[in-house]
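Each chain is listed here by its residues.
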Amino acid sequence: MKQRLATRNVDGAVVDDVLKLDAQWRAAKTAADEQQGALNKANKAFGPWMGARKKNPVAPAPAELTTLLGAAPADPEAAKAALGKLGEKQAEAARAADAIEQQIDALLLYVPNLPLAATPVGKSEADNVVRKEWGSKPAFAFTPKPHWELVAGQGFDMEIGGRISGSGFPFFRGKLARLERALISFFLDLHTREHGYTECWVPFLVREETLRNSGQLPKFFDEMYRTDDRDDLFLIPTAEVPLTSAHAGEILDDAATPIRYCAFTPCFRREAGAAGKDTRGILRVHQFSKVELMVVTTPENSEAEHETLTRCAETVLERLEIPYRRLELCTADIGFGAARCYDLEVWAAGVGKWLEASSCSIFTDYQARRAKIRVRDKDKKVRLAHTLNGSGLACPRTMIALLENGQQADGRVKLPAALATYYGGEWL
RNA sequence: GGAGGGGUGGCAGAGUGGUUGAUCGCGUCGGUUUCGAAAACCGAAAUGUCCGCAAGGGCAUCGGGGGUUCGAAUCCCCCCCCCUCCGCCA
């Protein structure tokens, strides 16, 4: 376990700390439980004695009580005092156990998931592995422009967004606004009609607890927009957050799985620490649209589901005729809660780069443990569920690829046929 | 935002301080019966956690968290959710 954490550049010493605390906790917990047990027995004997006293004022204390208190109490008042003292001792023992448990929980919240064995070990993003490439990069008889120079007159009004909210908040007019809407509809229709996902409409503001369930908090607090303390809600960074918590606390029958949900939401990210990097146009923004795929399933089926889910995302790109590659992230680069992750990168001819348009992760039981999502098999055995999710897809990066790859010498943009009915034509 | 009602085991629904982890019903599962089934009858059945090789046992949990008490599903406080009415509003 330490070795596998080490592949994520996490110091394995935390494992020793947790194990040590756990041993302490078990001892403390057992001691506290035993004291509680004795106290419960004594209290149970006390009630009937009170009843007997009413009929016979000198009724002797029951043997049980005498044994547990070490001596026969003279009267109920004395017994109460003795029991009170026992209770104090018990409470102290319980507090000691709780304190240790809290230390353990605090440590564990900052421990990432363990990578699956299949995840390539690596030291940095340079060690990610290209698993496949699909399509071919378009050839141009001219130098292709980056997306922010395209769609003259109805393009990327970043200044307007900036005026309203600050940089990184896109404002689209006309064609791009319509394209955005077309993409969202296309994504949702494909996943619901052909891939068996149930469309969901979800809250965009959530509680702290909800972020904790899917693993964004406490670790990524600085990435989150948050309302003031009148409500103290967080703006979702992805639909993964509300979708993962949809079944929090539930025990699902195996037969009810897999649960496949998809949802369109805007995504809000502060991108703290990323300032100045790839910020031209809509490469990296604080608010963007995304259709998310999310699956709850059994531990037995989760790895197969991961492939299926990734294929669902890839299908979108294939229908849109966008060249892409599937990158398998190495241990150093997978997300905090992920055990294995594929990034789908689209080719953007204008900026001449591969851009991440989707990230498809399997979380094993990491999120399920936090959100308390469990599954029950035929023999009524309860286990933690497995969760997965992936973008299907994020709009800005998809839009960039469509514009930059589809641009013509005359400045027009040819859209893929699959989008024509959604956009209302093949030319942007 | 204001006023009121409510949150109990898969569902429904009792239970207002002392063998209540919790009545009854429905549903579920096992059994008896049957050629098979239905009905009837009998029985089983929550989750977490700790100790134990196991059998088994302890502890916790009646929306969540505190408190009162020797003792809380039952009393008090805070929070969350649902329902009804009023106000405000896209």
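Because the structure is predicted, anything quoted here is derived from the model rather than measured. Sequence order as written defines the numbering, with residues in each chain counted from 1. To read the labels, note that chains go from A and ligands from 1, taken in the order they are written. Given that this is a predicted model, residues contribute local features only at a pLDDT of at least 70 and side-chain atom pairs are listed and counted only at 80 or more, while totals for whole chains, interfaces and linings are drawn from all residues. Side-chain calculation: all heavy atoms of the structure are included, whereas hydrogens and water are not.

Caption draft 1: Representation of the packing of helix 6 (residues 175-193) against helix 11 (residues 395-406) within the structure. For helices, the axis comes from a line fit to the C-alpha atoms of the stretch in contact; other axes are also lines fit to C-alpha atoms, and the angle between any two N-to-C directions lies between 0 and 180 degrees. Numbering of helices and strands starts at the N terminus; helices are DSSP runs of H or I of at least 4 residues and strands are runs of E of at least 2. In the contact formed by helix 6 and helix 11, the axes pass within 11 Å of each other and the chain directions differ by 115°. By the angle between their directions, the pair helix 6 and helix 11 is classed as roughly perpendicular. The two elements helix 6 and helix 11 cross, and the hand of that crossing is right-handed. Of the residues in helix 11, those touching helix 6 at Leu176, Leu179, Glu180, Leu183, Ile184 and Phe187 are Cys395, Thr398, Met399, Leu402 and Leu403. Considered class by class, the residues forming the contact of helix 6 with helix 11 number nine nonpolar, one polar and one charged. An angle below 35 degrees is read as roughly parallel, one above 145 as roughly antiparallel, one from 65 to 115 as roughly perpendicular, and any other as oblique. It is the rotation of the near helix from the far one that decides the hand of a crossing: anticlockwise by less than a right angle makes it left-handed, clockwise makes it right-handed. The contact definition used throughout considers only heavy atoms, calling two residues in contact when any of these lie within 4.5 Å. Three classes are used: nonpolar for Ala, Val, Leu, Ile, Met, Phe, Trp, Tyr, Cys and Pro, charged for Asp, Glu, Lys and Arg, and polar for all others, with Gly counted as polar.

Caption draft 2: Up close: the nonpolar core. Nine residue types can take part in a nonpolar core, namely buried Ala, Val, Leu, Ile, Met, Phe, Trp, Tyr and Cys, and a core is a set of them joined through side-chain atoms within 4.5 Å. Burial here depends on accessible area, computed with a 1.4 Å probe over protein chains only, as a share of the maximum for the residue type. Under 20% is buried, over 50% is exposed, and the range in between is partly exposed. Core analysis: the biggest nonpolar cluster contains 54 residues, and Leu179, Leu183, Phe187, Leu320, Leu403 and Leu428 have the highest contact counts within it. Each residue touching Leu320, except ones within four places of it in the same chain, is listed here: Leu183, Phe186, Phe187, Thr398, Leu402, Pro416 and Leu419. Core analysis: the second largest hydrophobic core is formed by 15 residues, Cys200, Leu243, Leu252 and Ala371 among them.

Caption draft 3: Unusual backbone geometry, seen in detail. The residue after Leu217, namely Pro218, is reached through a cis peptide bond having omega 5°. With omega at 0°, the peptide bond leading from Thr257 into Pro258 counts as cis. With respect to the helices and strands, Pro258 occurs in the loop between strand 5 (251-253) and strand 6 (259-268).

Caption draft 4: Quick look at the pattern of salt bridges. Criterion for a salt bridge: a side-chain nitrogen of Lys or Arg within 4 Å of a carboxyl oxygen of Asp or Glu. Overall, the coordinates contain 26 salt bridges when judged by the stated rule. Between Arg311 and Glu314 there is a salt bridge, with the nearest N and O atoms lying 2.6 Å from each other. With Arg311 and Glu314 both in helix 9 (residues 302-319), this residue pair falls three residues apart, about one helical turn. According to the relative accessible area criterion, Arg311 is partly exposed, its value standing at 30%. A salt bridge links Glu318 to Arg311; its shortest N-O distance comes to 3.1 Å. Several salt bridges share partner residues, and in doing so they unite Lys132, Glu307, Arg311, Glu314, Glu318 and Arg326 into one network.

Caption draft 5: Representation of the environment of Phe172 within the structure. Relative to the helices and strands, Phe172 resides in the loop between helix 5 (158-164) and helix 6. For the pair Phe172 and Ser185, spaced 13 residues apart in the sequence, the C-alpha separation amounts to 17 Å. Filtering out sequence-adjacent residues up to four positions away, Phe172 remains in contact with Phe156, Ala177, Glu180, Ile282 and Met399.

Caption draft 6: Structural view of the protein's contact with RNA strand B. We call a residue near a molecule or strand when any one of its heavy atoms sits within 4 Å of it. Around RNA strand B sit 19 residues, and of these Arg26, Thr30, Asp33, Asn43 and Arg207 come closest. Within 4 Å of the protein, atoms of RNA strand B come from sugar and phosphate in 73% of cases. A 3.5 Å cut-off defines polar contacts: any pair of N or O atoms within that distance qualifies, except that in protein one atom must be a possible hydrogen donor and the other a possible acceptor, and neighbouring residues in sequence count only when both atoms are side-chain atoms. Contact between RNA strand B and Arg26: a phosphate oxygen at 2.8 Å from a side-chain N or O atom of the residue. Here a sugar or linking oxygen of RNA strand B and a side-chain polar atom of Arg207 are 2.4 Å apart. For the surface near RNA strand B, the secondary structure elements donating two or more residues are helix 2 (13-55), helix 4 (76-108) and strand 11 (374-376).

Caption draft 7: Inspection of the sheet that holds strand 6 at higher detail. A pair of strands is considered paired only if DSSP assigns at least 2 bridges between the two. Pairing is mixed across the open sheet formed by eight strands, whose spatial order is 1-8-9-10-13-7-6-2. Edge positions in the open sheet fall to strand 1 (129-134) and strand 2 (198-200), since each of these has one partner strand only. Neighbour-to-neighbour, the strand axes of the sheet open up by a mean angle of 25°, direction not taken into account. For strand 9 (residues 340-348) and strand 10 (residues 353-362), the ladder comprises nine bridges, and the chain directions are antiparallel.

Caption draft 8: Broad picture of the pairing of strand 9. Counting buried positions along strand 9 gives nine out of nine residues, so the element sits mostly inside the fold. In this antiparallel pair of consecutive strands, strand 9 and strand 10, the connection spans four residues, and Gly352 shows a positive phi of 65°.

Caption draft 9: Structural context of the side chain of Thr7. Among the structural elements, Thr7 can be located in the loop between helix 1 (2-6) and helix 2. Here Thr7 is in contact with Pro115, Val121, Gly122, Thr331 and Ala332, once residues within four sequence places are set aside.

Caption draft 10: Inspection of the sheet that holds strand 11 at higher detail. Strand order across the open sheet formed by three strands is 5-11-12, with mixed pairing between neighbours. Two strands close off the open sheet at either side, each with one partner strand: strand 5 and strand 12 (382-384). With strand direction ignored, the average angle separating the axes of adjacent strands in the sheet is 35°. Relative to strand 11, strand 5 runs parallel, the two being bridged by three bridges. From the neighbouring strand, Asp253 faces strand 11, where its bridge partner is Arg376.

Caption draft 11: Quick look at helix 9. The first and last C-alpha atoms of helix 9 sit 26 Å apart over 18 residues, in line with the 26 Å expected at 1.5 Å per residue. Taken together, the buried positions of helix 9 are occupied by Ser302, Glu305, His306, Leu309, Thr310, Cys312, Ala313, Glu314, Thr315, Val316, Leu317 and Glu318. Just beyond helix 9, the residue with positive phi is Glu321, at close to 60°. Expected span of a helix, by definition, is 1.5 Å for each gap between consecutive residues, and there is one gap fewer than residues.

Caption draft 12: Quick look at the confidence of the model for chain A. Chain-level pLDDT for chain A is 91 on average; 98% of the residues reach the 70-or-more range. Reported confidence for the predicted complex is 0.88 by ipTM and 0.92 by pTM. pLDDT is a per-residue confidence score from the predictor, ranging from 0 to 100.

Caption draft 13: Representation of the pairing of strand 7 (residues 287-297) within the structure. Burial analysis of strand 7 places ten of its eleven residues in the buried class, the great majority of the element. Note that strand 6 and strand 7 share ten bridges and pair antiparallel. Note on strand 7: the bridge partner recorded for Pro266 is Ser289. As defined by bridge partners, strand 7 adjoins strand 13 (residues 386-394) across seven bridges and the pair is classed as antiparallel. Within the sheet, the bridge partner assigned to Leu293 lies in strand 13 and is Gly390.

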